[in-house]
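Overview (structure and organization)
One-letter residues, chain by chain:
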Amino acid sequence: MGHDTGRVTIFDTTLRDGEQAPGFTLDVAAKVAMARAIDALGVDVIEAGFPIASPADAEAVAAVSRELRRPVIAALARCRAQDVEEASRALAPAARSRLHIFLATSDLHLAQKLKMTREACLDAIVRSARLARTFTDDVEFSAEDATRSDRDFLCRVIEAAIGEGCTTINLPDTVGYATPDETREFFADVIGRVPNADRATFSAHCHDDLGLAVANSLAALQGGARQIECTINGIGERAGNAALEEIVMALKVRQNRLPYASCVHTPGLYQTSQLLANLTGEPVQANKAIVGRNAFAHEAGIHQDGVLKNPSTYEIMNPRDVGQPENQLVLGRHSGRHAVHKRCEALGAAVSPAELEEVYRAVITLGERRKSVTDADLRRIVERLRAGDAPAAHAPVPPEAVGYGHGV
Ligand code: KIV
Ligand code: ZN
């Protein structure tokens, strides 16, 4: 729509698609707290709920609409008058609101789930879009299961939705079945075929059933999409949605291959991820990209040595850019001398080369029994050594075990 600047609209659906997944339910107060944090990230659109689904959802949409004045607040509605009216009531207090209407367009969903013909589907979309436009100029239409829909029918539906004034067309990969090359081709083809496509922004909404949600979302941008729907920590139905933090950092770190920009203030990512984990009681996977506790942690000696010499040896982004603590050198049985030496220094207990050898061996021995060796453990090891106690049972020091080069 308009001149393409490569600016990507970030549509956060943590509070709708994310929250509807088992174990991720949030009450109204928690939704407002989370919405504030997402707002602080600077996202463009916050989908706050599905008002017809429950009174609590409607109340949460209204509360978020009252609280946040900057972002667009979206609410979901099926293509039914009652849904659209309920969503518009909940959005009434918003400074900027979006009605997000959806209906499945695949023959599988139409025949098996909705027992509806294609013509009835098209008619319901046209009527709902028309009704939605009586409440707001900002209407988004989602063709549920778009990636498995008949392409000709999908294009007809999209043309009709745009004709009724929908300004965002979302093409969800509802079941996470698509691959990246297919997604790129899909968006380029649909945008090329729909005659009035230039009057709408196309959007990707990818699920992660094959672990491809982020890759598919980025491929959608290459195919012409300019909105991505995503969630904090990638939460969402089944395997979840595309993770917001991964999308925005991919855009930031790989500008040379992905010349698109988001408005997200990335140093707030870690804190927002932690807030969601605390509010839902669902911890973030340790090795989760960007926000997992291991995303910038190094235990292997060779890696620790490299990172101490130059972080870019093993880190492609600065942890501060995502709000994570500086690279964390975890001491354990894989650690090297360089990291042990540095940590002793940082604790104000610098050790001589001879002491380092003893301390290093004690760390390795302790690391065999524990997940990691803490600062308190390290202090105790150094104190015992200096008090004349053997820090731990260990083999004699081999002559080659000198210098950091062997730090594995
Ligand atoms: O996955 C999906 O198709 C959805 C739509 C309702 C947007 O969540
Ligand atoms: Zn979804």
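Every chain is numbered independently, its residues counted from 1 as its sequence is written. Here every chain gets a letter starting at A, and every ligand a number starting at 1, in the order they are written. Where local features are concerned, this predicted model is filtered to residues with pLDDT of at least 70; where side-chain atom pairs are given and counted, the filter is 80 or more; whole-chain, interface and lining totals use all residues. The side-chain values count all of the structure's non-hydrogen atoms but skip hydrogen atoms and water molecules.

1. Some thoughts on the overall build of the chain
The helix and strand tally for the chain stands at 15 helices and ten strands. Across its three principal axes, the chain shows a C-alpha extent of roughly 85 × 40 × 40 Å. Here the chain holds 408 residues, and 53% of them are scored as buried. In this analysis, two residues are considered to be in contact whenever any of their non-hydrogen atoms come within 4.5 Å of each other. Restricting to contacts in the chain with at least 6 residues of sequence separation, those with at least 24 account for 74%. Only the protein chains shown count as cover for residues, with accessible areas throughout obtained via the Shrake-Rupley method and a probe of 1.4 Å. Accessible area for the chain stands at about 17600 Å²; split by element, carbon and sulfur atoms hold 51% of it. Averaging the locations of the 45 positively and 54 negatively charged side chains of the chain gives two centres separated by 2 Å. Secondary structure is summarised from DSSP: a helix means a run of H or I of at least four residues, a strand means a run of E of at least two, and numbering begins at the N terminus for each. Burial classes: relative accessible area under 20% of the type maximum marks a residue as buried, over 50% as exposed, and values in between as partly exposed (1.4 Å probe, protein chains only). Only four residue types enter the tally: Lys and Arg on the positive side, Asp and Glu on the negative side, with His and both chain ends excluded. Lysine's charge is taken at NZ, arginine's at CZ, aspartate's at CG and glutamate's at CD.

2. Things to note about the pairing of strand E3 (residues 72-78)
Within E3, six of the seven residues are buried, leaving the element largely enclosed by the surrounding structure. Here four bridges tie strand E2 (residues 45-49) to E3, and the two strands are oriented parallel to one another. By the bridge assignment for E3, Ile46 is matched with Ile73. Note on pairing: two strands pair once DSSP finds at least 2 bridges between them. Looking at chain direction, E3 and strand E4 (residues 97-104) are connected through six bridges and run parallel. Note that in E4 the partner of Arg78 across the bridge is Phe102. One crossover worth recording links E3 to the parallel E4 by way of helix H4 (residues 81-91), and it is right-handed. Note on handedness: a clockwise path from strand one over the helix to strand two, with the strands aimed away from the viewer, defines a right-handed crossover.

3. Considerations on helix H9 (residues 213-222)
Side chains that are three or four residues apart share a direction in an α-helix, a result of its 3.6 residues per turn. For H9, the tally of buried residues reaches eight of ten residues, placing the bulk of the element in the interior. Those residues of H9 lying buried are Ala213, Val214, Asn216, Ser217, Leu218, Ala219, Ala220 and Leu221. Buried positions along H9 lie against strand E6 (168-173), helix H8 (180-193), strand E7 (201-206), strand E8 (227-230) and helix H10 (244-253). Directly after H9, the chain includes Gly224, whose backbone phi takes a positive value near 120°.

4. Quick look at the coordination of the zinc ion (ligand 2)
Coordination angles at a metal have ideal targets, namely 109.5 degrees for four tetrahedral donors and 90 or 180 degrees for six octahedral donors. Protein ligation of the zinc ion (ligand 2) involves Asp17 (OD), His205 (NE2) and His207 (NE2), the donor distances falling in the range 2.0 to 2.1 Å. Only nitrogen, oxygen and sulfur atoms count as donors, using a 2.8 Å cut-off from the metal that widens to 3.2 Å for Na, K and Ca. Water is left out, so coordination shells may look unfilled. In the primary structure, the donors to the zinc ion (ligand 2) are separated according to the pattern D-x187-H-x1-H. In this pair, Asp17 is assigned in helix H1 (residues 14-18) and His207 in the loop between E7 and H9, connecting sequence segments 190 residues apart. Exposure class is identical for Asp17 and His207. Each is buried.

5. Considering the domain arrangement of the chain
Accessible area lost upon the coming together of the parts serves often as the stated size of an interface. If you check the domain split of the chain, you get domain 1 (9-280) and domain 2 (297-386). What marks off one domain from the next here is an automatic or database domain assignment. Here the C-alpha centroids of domain 1 and domain 2 sit 44 Å apart. With six residues of domain 1 in contact, the opposing surface of domain 2 contributes eight residues. The term buried area refers to how much accessible surface (probe radius 1.4 Å) is lost by two components on association, counted for both of them together. Note on domain 1 versus domain 2: buried area summed over both sides is about 570 Å², and carbon and sulfur give 67% of it. Two N or O atoms form a polar contact when they lie within 3.5 Å of each other; inside protein one atom must be a possible hydrogen donor and the other a possible acceptor, and for residues adjacent in sequence the pair counts only when both atoms belong to side chains. Between domain 1 and domain 2 we count two residue pairs in polar contact (both at pLDDT 80 or more) in total. Listed by contribution, the elements that provide at least two residues to the side of domain 1 that touches domain 2 are H10 and helix H11 (269-280). Here the side of domain 1 that touches domain 2 is composed, by residue class, of five nonpolar, one polar and no charged. Amino acid classes used here: Ala, Val, Leu, Ile, Met, Phe, Trp, Tyr, Cys and Pro are nonpolar; Asp, Glu, Lys and Arg are charged; the rest, including Gly, are polar.

6. Considering the environment of Thr231
Note on placement: Thr231 falls in the loop between E8 and H10. In sequence terms Thr231 and Lys342 are 111 residues apart; their C-alpha atoms lie 38 Å from each other. Not counting residues within four places of it along the chain, the set of residues in contact with Thr231 comprises Asp12, Thr13, Thr14, Gly18, Asn241, Ala242, Ala243, Leu244 and Glu245.

7. With respect to the packing of helix H6 (residues 118-133) against helix H7 (residues 151-163)
Angles shown run from 0 to 180 degrees and are taken between the N-to-C directions of axes, each axis being a line fitted to C-alpha atoms and, for helices, limited to the stretch in contact. Where H6 contacts H7, the two axes come as close as 9 Å, and the packing angle between them is 20°. By the angle between their directions, the pair H6 and H7 is classed as roughly parallel. As for how H6 packs across H7, the hand of that crossing is right-handed. Judged by residue contacts, Arg118, Glu119, Cys121, Leu122, Ile125 and Val126 of H6 engage Phe153, Arg156, Val157, Ala160 and Ala161 from H7. Angular relationships are summarised with four words: roughly parallel below 35 degrees, roughly antiparallel beyond 145, roughly perpendicular across 65 to 115, and oblique for the angles in between. Each crossing gets its hand from how the near helix is turned against the far one by less than a right angle, where anticlockwise is left-handed and clockwise is right-handed.

8. Some remarks on the packing of aromatic side chains
Ring pairs shown here join Phe, Tyr and Trp side chains whose ring centres sit within 6.5 Å, with only the six-membered ring taken for Trp; geometry is labelled stacked below 30 degrees between planes, edge-to-face above 60, and tilted in between. Enumeration over the complete set of coordinates arrives at two aromatic pairs. Note on Phe50 and Phe102: the rings are 6.1 Å apart at their centroids and 65° apart in plane angle, and the pair reads as edge-to-face. Of the two residues, Phe50 is situated in the loop between E2 and helix H3 (55-67) and Phe102 in strand E4; the sequence distance between them amounts to 52 residues. The residues Phe50 and Phe102 share a single accessibility class, namely buried. Arranged with centres 5.5 Å apart and planes meeting at 85°, the rings of Phe186 and Phe187 form a pair that is edge-to-face. Residue classification places Phe187 among the buried positions, given a relative accessible area of 1%.

9. Brief notes about empty space enclosed by the protein
Lining residues are defined by having an atom within 4 Å of a point belonging to a cavity or pocket. Those points lie on a 1 Å grid over the protein atoms alone, cavities being sets where a 1.4 Å probe fits but cannot get out and pockets being open sets with protein on both sides within 12 Å along at least five of seven lines. Grid points are joined across faces, edges and corners, and a volume is the space filled by probe spheres set on the points. Applying the stated criterion to the full structure yields one cavity of 30 Å³ or more. For the largest cavity, the calculated volume is near 40 Å³. Lining the largest cavity are Thr147, Leu171, Asp173, Ala178, Thr183, Phe186, Phe187, Cys206 and Asn216. Mapped onto the lining of the largest cavity, the elements with two or more residues apiece are E6 and H8. Among the elements that take part in the lining of the largest cavity, H8 stands out by supplying three residues, more than any other. In terms of residue class, the lining of the largest cavity is built from five nonpolar, three polar and one charged.

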